[in-house]
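Structural characterization, general
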Amino acid sequence: MSQPRKLRSALISVFNKDGLDPIIQELIRLGVTIYSTGGTQKTIEELGGTVIPVETLTDYPSILGGRVKTLHPKVFGGILSRRGDEGDHKQMTEYAIPEIDLVVVDLYPFEETVASGASADAIIEKIDIGGIALIRGAAKNHKDVVIVPSMDDYGRLLDILQNQDGETSLEERRELASRAFRTSSHYDTMIQQYMLGTTENISPLDTLNLSVTEVKSLRYGENPHQAGRFFGDLDGILKQLHGKALSYNNLLDVDAAVSLMEEFKNDAPTFAIMKHNNACGLATRETLSEAYARALEGDPVSAFGGVLIANRPIDLATADQIHTLFCEVVIAPSFDSDALAVLKGKKNRILLERQDVSLPTATVRTALNGFLVQERDNKIEHSSDLTCVTEANSDEKEIADMLFAMKLAKHTKSNTIVFAKDGQLLASGTGQTSRVDALKQAVEKAAGLGLSLEGSSMASDAFFPFPDCVSLAAEAGIKNVIQPGGSINDNKSIDVCNALGLAMYTTGTRHFRH
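For the structure given in this document, a descriptive report is provided here.

Criteria and thresholds
Residues numbered from 1 in each chain as written. Predicted model: local features only at pLDDT ≥ 70, side-chain atom pairs only at ≥ 80, totals over all residues. Heavy atoms only, no water. Pairing = 2+ DSSP bridges. Helix = DSSP H or I, 4+ residues; strand = E, 2+ residues; numbered from the N terminus. Axes fitted to C-alpha atoms, helices over the stretch in contact; angles between N-to-C directions. Contact = heavy atoms within 4.5 Å. Parallel < 35°, antiparallel > 145°, perpendicular 65-115°, else oblique. Left-handed = near helix turned anticlockwise from the far one by under 90°. Nonpolar A, V, L, I, M, F, W, Y, C, P; charged D, E, K, R; others polar. 1 Å grid on protein atoms, 1.4 Å probe; cavity = no way out; pocket = protein on both sides within 12 Å on 5 of 7 lines; lining within 4 Å. Points joined across faces, edges and corners; volume = space filled by probe spheres on them. Salt bridge = Lys/Arg side-chain N within 4 Å of Asp/Glu carboxyl O. Buried < 20%, exposed > 50% of the residue type's maximum accessible area, 1.4 Å probe, protein only.

1. Some remarks on the sheet that holds strand β2 (residues 9-14)
The five strands are arranged β4-β3-β2-β5-β6 in an open sheet whose pairing can be described as parallel. The outermost strands of the open sheet, each flanked by one partner alone, are β4 (51-53) and β6 (146-148). The average undirected angle you get between the axes of adjacent strands in this sheet is 20°. Two strands pair when backbone bridges link them, and β2 and strand β3 (residues 33-36) are joined in this way by four bridges, in the parallel orientation. From the neighbouring strand, Ser-9 faces β3, where its bridge partner is Thr-33. Against the sheet, helix α1 (residues 20-29) engages β2, β3 and β5 (102-106), with an angle of about 165° to β2.

2. Brief notes about the packing of helix α18 (residues 468-476) against helix α19 (residues 490-500)
Two elements in contact, α18 and α19, have axes whose closest approach is 8 Å; the angle formed by their N-to-C orientations is 25°. Our classification of the angle between α18 and α19 gives roughly parallel. Crossing geometry of α18 relative to α19 is assigned as right-handed. Counting all contacts with α18, which are made through Val-470, Ser-471 and Ala-474, the residues of α19 involved are Ser-493, Val-496, Cys-497 and Leu-500. Broken down by class, the residue content of the contact of α18 with α19 amounts to five nonpolar, two polar and no charged.

3. Re empty space enclosed by the protein
Taken as a whole and assessed by the stated rule, the structure comprises one cavity of 30 Å³ or more. By volume, the largest cavity amounts to about 30 Å³. Lining the largest cavity, in full, are Ser-81, Arg-82, Arg-83, Asp-88, His-89, Met-92 and Glu-99. The residue makeup of the lining of the largest cavity, split by class, is one nonpolar, two polar and four charged.

4. Topic: the pattern of salt bridges
Overall, the coordinates contain 24 salt bridges when judged by the stated rule. One salt bridge connects Asp-165 with Arg-29, and the closest N-O pair in it is separated by 3.0 Å. Of this pair, Asp-165 sits in the loop between α9 (154-164) and β7 (167-168) while Arg-29 sits in helix α1, and the two are 136 residues apart along the sequence. Residue classification places Asp-165 among the partly exposed residues on the basis of a relative accessible area of 34%. Residue classification places Arg-29 among the partly exposed residues on the basis of a relative accessible area of 47%. In this structure, Asp-461 and Arg-435 form a salt bridge, with 2.4 Å as the shortest nitrogen-oxygen distance. Note that Asp-461 is positioned in the loop between β21 (457-460) and α18 and Arg-435 in helix α17 (residues 435-448), a separation of 26 residues in sequence. According to the relative accessible area criterion, Asp-461 is buried, its value standing at 0%.

Here it is in structure tokens:
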């Protein structure tokens, strides 16, 4: 242990007083001089400790309703003085400033106050100024000072007091200083996000500040040789009711599933089956059990080992069907008790209850040596957004199928083509390097599963660069086409539709997904 330091004095200023008792008893045992103020001082004295009030040290009272208490040279001089510096020592003696060896802080609960729905004035009052300054000052001078930046670190301090009699090494002080700057950085980031307000419009952002303290270690990353972690409040959006821990790949599929089902959360009972971030089954029906059966019909082979999600509570009839399939994850707003009992029959099957929490309004991903940030694609097409560009038009039911297919195309890897009929996914071509290849893949898949495309609707996530797609679609039995439009060859595709009797509608909105 290098450069050991013994604690002789401490400044304690905490919002939450829980957990102080054993620390105070150890400080008393070690004969440490304690400085404090306000409610913290009162708590320490009630615990049997002797306190020198900060007001006595500074000869200045707490002012402005408690906004200014510790912001004083006699406090920060004691924290920031360099113990081996002759000049510092001379000034400390001249101005009668005592050295402070330990600083214990627990900041005002800013995040909790925002989350409580408090008024703007109440939130502003919970922006800690003195506490942040104490943390940063002590952390800067960690060569000589121990900083405990939050009650989360009380356990580490107690260990130092009980097992090391208050003696610390430079390495230990540096570790706590690192935690201190993490605490202050996170606190400031949360304030900045509040001040920025809604993130629905990301154009004002000129700095990307990310600070997430909740972390889950995963078994591994995308592959067993890669380490993986999840940062975020996963329990806040998905409550796990049963099963093994979620893997990295599970989380990617779960994210895709939750995002897709957002499109259908207010629709009739809808069920989706995901595999490698794409839907291999999707259907809307009058009952959830029927929706599941039709979704599974879309691709029963790919459904093996998939992630399942519903927009309605899982009932017993649906659970009985699901139980016959090997699947990794089942997600729903809730599970009926008898349905839950059935699905728990497989010990590793992960059951997740979707909480009523909104998804982030922006997406972030790494790219090269930086990050790409964009608004989430929240555009949902409605019949009023459609423009018929052909001589033939579609009836109400067919328009509903086109909108259904476009919702799915929006959440499928580009290039994609989606075929749907009667509120059911029939087949899709996913992640192809050309649009015509995506179409051919979808046609081949439907044929392989014995699903007729006659009279069905086709959605494309982007415009058709050439008319070959609509020609092949017509040969397969497609009757209705929905696409963004905007190609210089739009008229060629429209002409083919008119010649073959297809109805085509444009939306004006592209839905690339990479």
